[in-house]
Amino acid sequence: MSEIKIYHKLVRDRIPEIILQAGKQPETRVLNDEEYSKLLREKLTEEVQEYLTSGDIEELADILEVMLSLSKLHGVSWGEIETIAERKRAERGGFNEKIMLIRVREKGV
């Protein structure tokens, strides 16, 4: 008796081919844009959680891949995303100085 695993999640483009090469039979379908957007966001959450759990650099690469796909979905080039990040870095700084905000008090309090 063969085992069937249910996933219902977005996978990288070559995963069905890799499954076939392993002698298994994938069942897939192409998502519409609304489904794709929803599952990309779910994939981003999944990959971030995997990174937070493992600290593995490979997970950062997976996060980047999802981010690239999200930028394309929004019709924005990766260069435009980098430009926005650079503008925000110039206005508000980055995270290089390792600053943790403890609290903010009103003046005179």
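Residues numbered from 1 in each chain as written. Predicted model: local features only at pLDDT ≥ 70, side-chain atom pairs only at ≥ 80, totals over all residues. Heavy atoms only, no water.

Regarding the layout of surface pockets
Phase 1 of the analysis: The calculated volume of the largest pocket comes to roughly 1,700 Å³.
Phase 2 of the analysis: In this structure, the largest pocket is lined by 35 residues; those nearest its centre are Y7, K9, V11, E27 and T28.
Phase 3 of the analysis: At the level of secondary structure, the elements contributing two or more residues to the lining of the largest pocket comprise α1 (15-21), α2 (33-54) and α3 (57-73).
Phase 4 of the analysis: Approximately 290 Å³ is the volume attributed to the second largest pocket. (1 Å grid on protein atoms, 1.4 Å probe; cavity = no way out; pocket = protein on both sides within 12 Å on 5 of 7 lines; lining within 4 Å. Points joined across faces, edges and corners; volume = space filled by probe spheres on them. Helix = DSSP H or I, 4+ residues; strand = E, 2+ residues; numbered from the N terminus.)

Examining the pattern of salt bridges
Phase 1 of the analysis: Applying the stated rule across the entire model yields 7 salt bridges.
Phase 2 of the analysis: Notably, a salt bridge pairs R14 with E17, separated by 2.9 Å at the nearest N-O pair.
Phase 3 of the analysis: Between R87 and E91 there is a salt bridge, with its nearest N and O atoms 3.6 Å apart. Within this pair, R87 and its partner E91 are both found in helix α4 (residues 78-92), separated by 4 residues, close to a single helical turn.
Phase 4 of the analysis: Salt bridges sharing common partners tie together K9, K43 and E46. (Salt bridge = Lys/Arg side-chain N within 4 Å of Asp/Glu carboxyl O.)

Let's talk about the side chain of S71
Phase 1 of the analysis: Along the polypeptide, S71 turns up in helix α3.
Phase 2 of the analysis: The exposure class of S71 is buried, given its relative accessible area of 5%.
Phase 3 of the analysis: With residues up to four places along the chain from it excluded, the contact list for S71 reads V76, W78 and I81. (Buried < 20%, exposed > 50% of the residue type's maximum accessible area, 1.4 Å probe, protein only. Contact = heavy atoms within 4.5 Å.)

Considerations on the packing of α2 against α3
Phase 1 of the analysis: Two elements in contact, α2 and α3, have axes whose closest approach is 9 Å; the angle formed by their N-to-C orientations is 160°. Viewed along their axes, α2 and α3 adopt a mutual orientation that is roughly antiparallel. Judged by the twist between their axes, the crossing of α2 over α3 is left-handed. In this structure, α2 contributes Y36, S37, L40, R41, K43, L44, E47, V48, E50, Y51 and S54 to the contact, and α3 contributes E59, L60, D62, I63, V66, M67, S69, L70 and L73.
Phase 2 of the analysis: Within the contact of α2 with α3, the residues separate by chemical class into 11 nonpolar, 3 polar and 6 charged. (Axes fitted to C-alpha atoms, helices over the stretch in contact; angles between N-to-C directions. Parallel < 35°, antiparallel > 145°, perpendicular 65-115°, else oblique. Left-handed = near helix turned anticlockwise from the far one by under 90°. Nonpolar A, V, L, I, M, F, W, Y, C, P; charged D, E, K, R; others polar.)

Description of the nonpolar core
Phase 1 of the analysis: Counting residues in each nonpolar core, the largest one holds 5 residues, listed as L10, L39, L40, V66 and L70.
Phase 2 of the analysis: Where this core is concerned, the elements lending two or more residues are α2 and α3.
Phase 3 of the analysis: Setting aside chain neighbours within four positions, we find L40 in contact with L10, V66, S69, L70 and L73. (Core = buried A, V, L, I, M, F, W, Y, C linked by side-chain atoms within 4.5 Å.)

With respect to the side chain of S69
Phase 1 of the analysis: Structurally, the position occupied by S69 is in helix α3.
Phase 2 of the analysis: If sequence neighbours within four positions are ignored, S69 has contacts with Y36 and L40.

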